[in-house]
Amino acid sequence: MNADATTATTIFGFFMVATVALGLLAVRGRKKGAGESSPKGALAEWSVGGRSLGTVLIWVLMAGEGYTSFSYLGAAGWGYNYGAPVLYVVAYMSCGYAVGYVVGPMLWAYARRHGLVGITDMVAHRYDRPWLGAAVAVMVTVFLLPYIQLQITGMGVVVSTISYGAISLNWAYFIGFAVTTGFVVVSGLRGSAWVSVLKDVLVIGTLAFLVVYVPLHYFDGYGDFLDRVVQEKGEWLTLPGAGESPYGQAWFATTTFLNALTVCIFPTTVAGYLGARSADGLRRNAVLLPAYNILLFVPMLLGMAALFVVPGLTGAGSNLALFKLVVDSLPAWLVGVVGVAAALSSIVPMAVFMLVIGTMWGSSVVSLLPRWQAPVRQKRASQAVVVVAGAVALVMTYTAPNTLVRLSLISYEGMAQLVPMLLLGLVWRKLSLAGAVSGLVVGVAVVCGLVFTEHDPVFGVNAGILALAANLAVALAVSYAGPVDQDSRPDGEVLARDPADDDRDGPGGDLSSVPGGAPAAGRR
């Protein structure tokens, strides 16, 4: 191992140890049993931070979920290969935060009122069918496992690159799994939030440095760089972009709309919602989060800068466009710091994905067994599932990476098919169980059929939006024409509402006095 590799690897190792320590320290000082007197209390303390995280922790946690290894690898790679189409990420996330301003407090209040810890709980409660929550948990697990695998793969690529090849891909994959599992099993969502603070400091610092350094080092500043882009790579600046890209205006608009809706009910996003201390904190968070999107422009710009510095990258190699600039020009210690920021951008979302899968199975699947209905047992089962889910993704990364990569093609578009069942169902009583399930089945079938037959985009439109339209049409038709649900519960028990409209909640939508809410002793 040469001196550069030793330096970069030492810095990386130090920060990985610090990451585990920080995650474990997150539970230091928490009273044993804090927040456990409410339904699912033990599980809620672990999976949603005892519903007590303030605006800052929720902001860095949810920003961390949105800023993954894709931001360092995929965004730069898309900028390198296509150019303008990659801006859909900024568009849908910003629109999603606007939708989340309304949806987040509503889901927060519904879950807090009924003592729920995730979307599978909400579905089971809304339709009064525990088996439906379990079925949705299985489906969502299939859609989320590819994200864990992609984060493991992304971290492996980053670590192997910044160590100058000293750490192999296989060892880098295992490190990512071990570090993430090490703190998330013990500290849950709170640990992920604390690690997000470290990640955000490094991400903001390194990207702020790179956005200034790269144009000055490789060009004569931004004037020269942008002039060259306009003159030589003008195709990269307009839709559909370069390289015979199929991502035109219709795709951009439909993808932005679909993803803006989906991100609000994505299980990891909802975990952030449910961890908040108050509804007002979520509203402030929705206002502040778009500012974080500014950072996404940096890897996109650097990807286009790499067109002139390292031309000819093809296939998966284009994802290393940003790191080619970093490794070739920066001192080893700084390469290590940038690599740590990118690695943590894999670890934080990976932790939340694993946490959400564990929570769904502990709360909605294992809880169907009479002997496992105690909150403490559900928590233990959830922690075991976290390890199993991570291990499955790790093993498939080694043995059959293409299987999960292929599944990842439908992950987001498949998750979008839960929008009618969850969001529409929580505000419209007449959406029946038969209608919601029929729509979901049709939507998932359509999106799988279109994607796996390579018809995405179809006629220039995101396949997921067509599947969602079919889903909604079937759900409405069956609800109107099919059997009427015999649910005697009042609307207040079944439907969700914005806590700002609920007089008994008081300022900020505090539901701590409502059964299922977190007791004062469980807050921090």
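Residues numbered from 1 in each chain as written. Predicted model: local features only at pLDDT ≥ 70, side-chain atom pairs only at ≥ 80, totals over all residues. Heavy atoms only, no water.

Caption draft 1: Representation of the overall build of the protein chain in the model. On a plain count of helices and strands, the protein chain comes out with 23 helices and 0 strands. Looking at the 524 residues of the protein chain, the share that counts as buried comes to 60%. Taking the intrachain contacts of the protein chain between residues at least 6 apart in sequence as the baseline, contacts between residues at least 24 apart amount to 84%. Element-wise, carbon and sulfur atoms account for 66% of the exposed surface of the protein chain, whose accessible area totals about 19500 Å². (Helix = DSSP H or I, 4+ residues; strand = E, 2+ residues; numbered from the N terminus. Buried < 20%, exposed > 50% of the residue type's maximum accessible area, 1.4 Å probe, protein only. Contact = heavy atoms within 4.5 Å. Areas by Shrake-Rupley, 256 points an atom, 1.4 Å probe, with all protein chains shown as cover.)

Caption draft 2: Quick peek at the side chain of Asn 462. Structurally, the position occupied by Asn 462 is in the loop between helix H21 (433-452) and helix H22 (463-481). Judged by its relative accessible area of 3%, Asn 462 is buried. Polar contacts involving the side chain of Asn 462 include one to the main-chain amide nitrogen of Gly 464, which spans 2.6 Å. If near-sequence neighbours (up to four positions away) are discounted, Asn 462 is found in contact with Trp 251, Thr 254, Thr 255, Leu 258, Glu 413 and Asp 456. (Polar contact = N/O pair within 3.5 Å; in protein donor to acceptor, adjacent residues only side chain to side chain.)

Caption draft 3: Expanded view of the packing of helix H15 (residues 321-329) against helix H16 (residues 332-365). Their axes nearest at 9 Å, the elements H15 and H16 cross at an angle of 155°. Judged by the inter-axis angle, H15 sits roughly antiparallel to H16. Along the contact surface, H15 presents Phe 323, Val 326 and Val 327, while H16 presents Val 335, Val 338, Gly 339 and Ala 342. For the contact of H15 with H16, the residue count by class is 6 nonpolar, 1 polar and no charged. (Axes fitted to C-alpha atoms, helices over the stretch in contact; angles between N-to-C directions. Parallel < 35°, antiparallel > 145°, perpendicular 65-115°, else oblique. Nonpolar A, V, L, I, M, F, W, Y, C, P; charged D, E, K, R; others polar.)

Caption draft 4: Fine view of the packing of helix H7 (residues 119-127) against helix H8 (residues 130-162). As a packed pair, H7 and H8 sit with axes 7 Å apart at the nearest point and diverge in direction by 150°. With respect to H8, the axis of H7 lies roughly antiparallel. Handedness of the crossing formed by H7 with H8: right-handed. Along its contact with H7, which presents Ile 119, Thr 120, Val 123, Ala 124 and Tyr 127, the element H8 presents Pro 130, Leu 132, Gly 133, Val 136, Ala 137 and Val 140. Classifying every residue of the contact of H7 with H8 by side-chain character gives 9 nonpolar, 2 polar and no charged. (Left-handed = near helix turned anticlockwise from the far one by under 90°.)

Caption draft 5: Up close: the pattern of salt bridges. One pass over the structure, following the stated rule, counts 7 salt bridges. Residue Lys 199 is joined to Asp 200 by a salt bridge in which the shortest nitrogen-to-oxygen separation is 3.2 Å. Note on accessibility: Lys 199 and Asp 200 belong to one class, buried. Note that Glu 232 is salt-bridged to Arg 228, the shortest N-O span being 3.3 Å. Here the residue Glu 232 and the residue Arg 228 both occupy positions in helix H10 (residues 222-232), the gap between them amounting to 4 residues, near one helical turn. Overall, the relative accessible area of 48% leaves Glu 232 in the partly exposed class. (Salt bridge = Lys/Arg side-chain N within 4 Å of Asp/Glu carboxyl O.)

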